[in-house]
Structure formats: structure tokens, C-alpha cells
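So the chains spell out like this:
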Amino acid sequence: MKYIFLPILFSVIIMSSCQYSQTAEDKKIDFKVDSVMRLMTLDEEIGQMVLYSSDWDVTGPSLKKGYMDEIRKGNCGNIFNAHTAAFTHKLQKIAVEESRLHIPLLFGYDVIHGHKTIFPISLGESASWDMEAIEKSACVSAAEAAASGINWTFAPMCDISVEPRWGRVSEGAGEDPYLGSKIAAARVHGFQGKSLADTLTVLACVKHFAGYGAPLAGRDYNTVDMSERVFLDTYLPPYKAAIDAGAMSVMSSFNELNGIPASGSVYLLKDILRKHLHFKGFVVTDYTSINEMLNHGVVANEAEAGKMAAKAGVDMDMQGEVYYKYLKKQVESGEVPLQAVNEAVHRILKVKFLLGLFDDPYRYCNEAREKREVYSPAHLEASLDVAKKSMVLLKNSNNTLPLKKDEKIAVIGQLATSTRDLLGSWKAAGDWNFMKSVLDELKAYNGDANVTYAEGCKVQGDDRSGFATAISSARGASKIVYVLGESCEWSGEATSRTSINIPGVQTELLEKLKALNKPIVLVLMNGRPLDLSKESELADGILEAWFPGTMGGKAITQVLFGKYNPSGKLTMTFPRNLGQVPIYYYEKNTGRPNYLSNPKYKSRYIDCPNDPLYPFGFGLSYTTFAYSDIKLSGKELAEKGELKASVRVSNTGNVAGEEVVQCYVRDLVGSVTRPVKELKGFEKITLKMGESKVVTFTITPDMLAFHRADMSYGTEPGNYKLFIGTNSRDLKETNFRLN
Ligand code: NOJ
């Protein structure tokens, strides 16, 4: 598959990708890097290509003992899973004062959705469709991490996924390449700020390169096999957007893509990453992924794995000790060209210079700054703001929500009292001990006397012994607020599931509570789309709260009581059942679409509708919005022209609210089959009660480009549909022609 398309592809993408030009500043840094490299032995060079975990946190299967000594000897130039200004200072001191060349360390950590102040999980944040809020979240996370000694985060994760069985969907931005690209760029801007030299920012790492979000059967680390067209049109754009936004490191993924493990793939790491995306930073592997090429079965031993990785363009070996053990001999014997090592070291040192580490290696280890930044009131406020914006109101029959102040509520569910779960997976240095739970916050707002609590059952397991107490405590209330979902341990890496139901006996308890004939509100905490078919029938209101972070309890309370009007929209389709998976809004029409009149011979299920329970882009508000007057500035789009597409949106309810107005297109006839819809724009607006606004999108031909039948990238003239509306299913429609 590798080369057929490349000549054409390169010529087209070279035009569309951000061009890298060497500035005078760049040349100056290159000169400095060269001057350091002239002093280095081969051992010391290889040491810069080595990354070890400290023993402060465990994020993978193995730990390297004696890493401090390796730093001292110059055999390890980079550390991850170490934090606090004091501890990183201690390690940096070893590198800078005890190693021969005094080269400072990079300190990496998984600061995914917060460092100490934790924001909602990334999938939750994506549901805000609010780029400013998402950038702010990354910016706050960077400021806290950078004050605690960290200068490199392993984020953003840019893996598109349509796989709710895969636990890591919680770490991404959902199913859509357009939205995913905007979010990837916002996160890089937030982490890296305007300059890597700013001590409030950290180096971003684009992961997991590439295609990691599409493991077969949703099982983590499993095989990825997809057409090149799908890879380039759907999976690549968010990685590209993050690189275009200036990210200077990329993590090669665990998975194979079409037969070649990513950490040994010349296609991914050279052809795509370097030539096609013009990436100038360095590539680090995921945790021991060089070693794992043995298990993949593309090499017979570790030494060969190292050779394959080095030749493919992997610059840094995370935790594998493969470069450490074998690279020197391989360079000396000529099996691996010295130039490969020189280039890798040059890239790594360049980033260290850009971070200012050669000017002041301790600039990120500042205890006074750490005290000031960590959990600052402004950071907690930002976390609260993003948490509220992330929540998605999935159902609200008879205006069950918002709750009224002082109404008697019965709170049920183990998750209502858990602070640990509020943080979700990858909690970094987040501490749940000082946090307030959902129950604490509900009581604080509504008064102890108006809130009863009973656990009812655990999140997992089949213990029903608490049912009776929960039912009797709910009897005296006017409404039931049941906090349920998944435990945070069921989300993130290595947490694939074969069922996407709400675990344990939580739904069974819901059935029992239903018999009380009282309005029931579900507050969901989870990291993936769940099958809510049963729950959506039983409950009157459903609020998808994800794992909302440090301020999650307060955010949920404010939304439930209408202090904040929910505005989040799903970024992954919620299916009716697991049998519909993979299900996503940008599907193809097929030769026998479901709308054909023949009742049998068409693309459908005999036991379930085709459409999902909650489509991509879906989310309700405490007010209602009406869409009218969809208009286009013309019916013909010229090759270099543009069209303005507009719609009037009116707030027809009783309170002010925010709405994410979404614009999709459909290319009706292509040289290859085209999706039934593709998101091409969105705008989040605020409307007062009774207010209307006209929202306008600009449509240009480059937005309509794709990989055509011959794999060249570009547009094709023809007829298009254009849709604008409140989610990917409920849309107004018009059409135009691209000339
Ligand atoms: C493995 C995970 O896949 C990756 O996302 C993470 O950054 C590394 N471990 C380091 O913890």
C-alpha cells in the first residue's frame, strides 16, 4: 500500500500542510546543538535517546531499577513519571552536576486532563465544543505541571475512535475528524502556549501515532487494519492538526497498522510523519513498544526490534532499554547508520534548547511557584467552568430538570459519594482526598434536611442488599437523583469491555425505583458511550456528566439546579445496543440503503433500527431552539470562490441558553463513495430568552477535498447537500454545486 499514492499525495499535501521554514533563530539553535554534539561520545548520544520511568508513578508493565545511576552515567537523558519541584530538582541535579556533559533532563508525565487541578476527561471536554475552554484547560494543566518540574506532557491524544468497547475513547475527542482536529490544535496551543521557553508551558506530544483508536473488536493494543483512504481522510487529520499547531513531539503507538507495528513503520514515521506532515520534532515510542515488536512477530529478537525502530525513525525509546542495550554495537557494526543516531539526538537536544533547559535546567522546579499555581482559585474556577460546559443533557421529560431549590431529593448510588471516581482515568497528580463529592455539594446547595442518601448498590457486583433501604429512602422524596455509571478504573488504558451496559445491578435498582412512580433523574459518570436503551425508558431526566474532575460535584449540582443551563453535545454516537457498533454519523449510503421501499433486501437489522439512541452532536438544554431560514449566498461554488451558508436560530424557551449550531455537507456523487454527512463547521452561541441570531458558515472548496479514486487529494465538481442544525440527525437542508 505504501508507495502507490505517495508522489501524487506529497505534491498535494505539501501545498496544504504548514510549511516549515528554517528561521534565523532555528539556525542559531542548530548551531548550539551541534556544538554540544561535538563533545558527545556515542554512549552519551544514545543516552539522550533513552527515557526511563521513575518509581513515583506506574503507567506500564515494568520499571527500570537504578535509573538515578543511569542518569549520572549519561545513559539516560529523559525521565517520566516524576513530579513535584523538589523531586525533579533532585534528579535534574544529578544530570546537571554529576553527569560528564551536564545535559539537563526532560521530564515527561501524562498530564492528560489536568495535573493537580483535574478537568473533565478529554471525551467530556470535547462535548463542550468550546475551543477556548479546551485550550484553557490545557493551559492551566501546563501551568501546574510546569511548576511541579514537568516540561513535557504525553498529550494530546488525537486518536479518532468509533469503538465504545475501547476504554481509551475517554482520552480522545470522539469520532469526528473535523472536530477532533480543532480540539487537537486547541490542546497543543494550550499546552505549549506561544513559546516553549515560557516556564508556564510544557512540550506537547501527539499520540498515539497512528490509528491506535481503531483496534479490532475494541480490544486495547489489538490489530488495526484499515484502508489507506480511511486512514488518510478520517484518522490522520487530528494528528496533522496537532503538528501544524506546533507540537514538537510525537508518540509512536502500540498497534500495528496494516501489518507493520507503528514503532517500526517507515511508512508512518518517515513517509507520513516527516515527508507528508513535515514534522520537525522528535518521536518517542509508547511504553516498551520497541520490545513488543517481538510479540507482534516482525522481528526475532530485541536487537532486531531496536534496529527496525532506529531505521524507521524512532528517536527515543520509552522504558524498553533496547537502544540502551543494542544500539551502540549496531552503529559500530554499520547495521544502523550513525546518521540516524545523530539526527535523533539533534532533534531531542533542540527541544531541550527550545524549552530553555540549557539556560536554566531548574526553571521548571520552583517550589514557590508550585505552591502558587497548584489548586489556585483561578484554576479551580476554570475546572468548574469546563466541567459544566462538558455535561450533556440526554433526556428531560416534563421538565423534570432543573431541580427546584429546597425540593426534597433522594440521592442514590455509590458514585454519589466517591471523590476518586470524579477524577476519571489519568488523574496525574490529582488528589481526591480534599474534594467534595456529588452528595456533599447537593447537600451544601439544597440543605441537609432536603437531601437523603442511600447507596443502594455498588457500581460493580451483584449485591442487592442495599436495595430496600434505597427504596424506602426514596419514598419520602419528591424526586430521585441516581448517580450511576462506570467506575473510573473501567476507563482509560487496558479497560476494554465486551458489554457497554451499565455494570452490576445498578439498572436493576433503577427498575425497582421506577415502581415508586416518582420522577427519576440519572446522573451518569462514565468514559465511553453506553447502551442506555433501558435507562432512557425508565428515567425522566438523564445528565451525562462523564468523569468531571476536581470540581465535578459542584458542577453537577449547578447543572441539576439550573444555575448553569447545559449546552454539551455528544462527540461520539450512543448506540441502541452493542450490536450496532461501529456506528458513527459519517457512514456511507451503501447500495441498498435502509430508506428503500423493499421491506427486506436492504442494509438494516431485523431486530433493531439502524439509527442510534443518541446521535453525534446531540444534547438538550433547559430551553428550546428553533432553526429557520436556511440560506446560501449562491447555488454555485467556484474553484476559488466561497459561499455563505446561514440559518436563523431562535431561543423559544423560557431561559437563556447556549447552542452549538452544526454545519454538515454531503458530496452526492464522487469518484469514490462519500459519507452521508461530514461536519464542516460549528459555532457555539448564547441566546437570551426570545432572542434570535443568524449564524453564518463560510464554505470553500478546500473544505470539500478528499482522497479521490486515484488517491490524489482534492475536490471533484458536482452537487452537494448542505445541512445546518442542532445535531447530526435533526437538520435543515439546502444544496449547491461545486464547479
Ligand atoms: C502507555 C500509554 O499508551 C501512553 O498513552 C502513555 O503516555 C504512556 N504509557 C506513558 O505513561
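Bear in mind the structure is a predicted one, so any value in this text is a computation, not a measurement.

(A) Summary view of the confidence of the model for the chain. Chain-level pLDDT for the chain is 96 on average; 97% of the residues reach the 70-or-more range. Below pLDDT 50 for its whole length, residues 1–20 participates in 36 contacts with residues either more than four positions away or in separate chains.

(B) Geometry of the sheet that holds strand β3 (residues 106–109). The five strands are arranged β4-β3-β2-β1-β10 in an open sheet whose pairing can be described as parallel. For this open sheet the edge positions go to β4 (152–153) and β10 (317–318), each flanked by a neighbour on one side alone. One ladder, built from two bridges, connects β3 with β4; its direction is parallel. Directly across from G108, in β4, lies its bridge partner W152.

(C) Representation of the pattern of salt bridges in the model. Applying the stated rule across the entire model yields 40 salt bridges. Between K350 and D26 there is a salt bridge, with its nearest N and O atoms 2.9 Å apart. Taken as a pair, K350 in helix α14 (residues 338–354) and D26 in helix α2 (residues 24–37) lie far apart in primary sequence, 324 residues in all. D26 gets classed as buried once you look at its relative accessible area, which sits at 12%. The salt bridge partner of E733 is K721, with a shortest N-O separation of 3.3 Å.

(D) Highlighting the pairing of strand β20 (residues 657–667). Of all 11 residues in β20, 11 are buried; the element is thus mostly enclosed. Residues G657, E659, V661, C663, V665 and D667 point to one face of β20 and E658, V660, Q662, Y664 and R666 to the other, with burial holding for every one of them. With nine bridges joining them, β20 and strand β21 (residues 678–687) adopt antiparallel strand pairing. Looking at the pairing, Q662 lines up with F682 of β21.

(E) Quick peek at the domain arrangement of the chain. According to the domain assignment, the chain contains domain 1 (1–39), domain 2 (204–354), domain 3 (387–580) and domain 4 (625–738). Here domain 2 and domain 4 have C-alpha centroids that lie 37 Å from each other. On the domain 4 side, the residues contacting the four residues of domain 2 number seven residues. When domain 2 packs against domain 4, the two sides together hide about 430 Å² of surface, and 53% of this comes from carbon and sulfur. Of all residues in domain 2, R229, L232 and D233 give up the largest surface area on contact with domain 4, accounting jointly for 89% of the area buried on that side.

(F) Looking closely at unusual backbone geometry. In this structure, H208 follows K207 across a cis peptide bond, with omega equal to -5°. Within the secondary structure, H208 is located in strand β5 (residues 205–209). The backbone of M711 sits at a positive phi, close to 70°, despite the residue not being glycine. Residue position: M711 is located in the loop between β23 (706–707) and β24 (713–714). The buried category is assigned to M711, whose relative accessible area is 11%.

(G) Quick peek at the packing of helix α8 (residues 177–192) against helix α9 (residues 228–244). Following both chains from N to C, one finds α8 and α9 inclined at 20°, their axes separated by 7 Å at the closest point. Put simply, α8 runs roughly parallel to α9. Here the hand of the crossing between α8 and α9 comes out right-handed. Note on element contacts: α9 touches α8 through D233, T234, P237, P238, A241 and A242, opposite P177, G180, S181, A184, A185 and V188.

(H) Seen up close, the sheet that holds strand β16 (residues 541–544). Ordered in space as β11-β16-β15-β14-β12-β13, the six strands form an open sheet in which the pairing is mixed. Of all the strands in the sheet, the pair left with one neighbour each is β11 (392–396) and β13 (451–454). When the angles between neighbouring strand axes are averaged without regard to direction, this sheet yields 20°. In the sheet, strand β12 (residues 409–412) pairs with β13 via four bridges, with the strands oriented parallel. The residue bridging I412 from the neighbouring strand is A454, located in β13. On top of the sheet, helix α19 (residues 467–475) reaches β12, β13 and β14 (479–485); it is set at about 170° to β13, its chief contact. Most of the contacts of helix α20 (residues 506–514) go to β14, to which it runs at about 170°, and overall it touches β12, β14 and β15 (520–525).

Definitions and cut-offs
Residues numbered from 1 in each chain as written. Predicted model: local features only at pLDDT ≥ 70, side-chain atom pairs only at ≥ 80, totals over all residues. Heavy atoms only, no water. pLDDT = per-residue confidence, 0-100. Contact = heavy atoms within 4.5 Å. Pairing = 2+ DSSP bridges. Helix = DSSP H or I, 4+ residues; strand = E, 2+ residues; numbered from the N terminus. Salt bridge = Lys/Arg side-chain N within 4 Å of Asp/Glu carboxyl O. Buried < 20%, exposed > 50% of the residue type's maximum accessible area, 1.4 Å probe, protein only. Domains from an automatic or database assignment. Buried area = accessible area lost by both parts, 1.4 Å probe. Axes fitted to C-alpha atoms, helices over the stretch in contact; angles between N-to-C directions. Parallel < 35°, antiparallel > 145°, perpendicular 65-115°, else oblique. Left-handed = near helix turned anticlockwise from the far one by under 90°.

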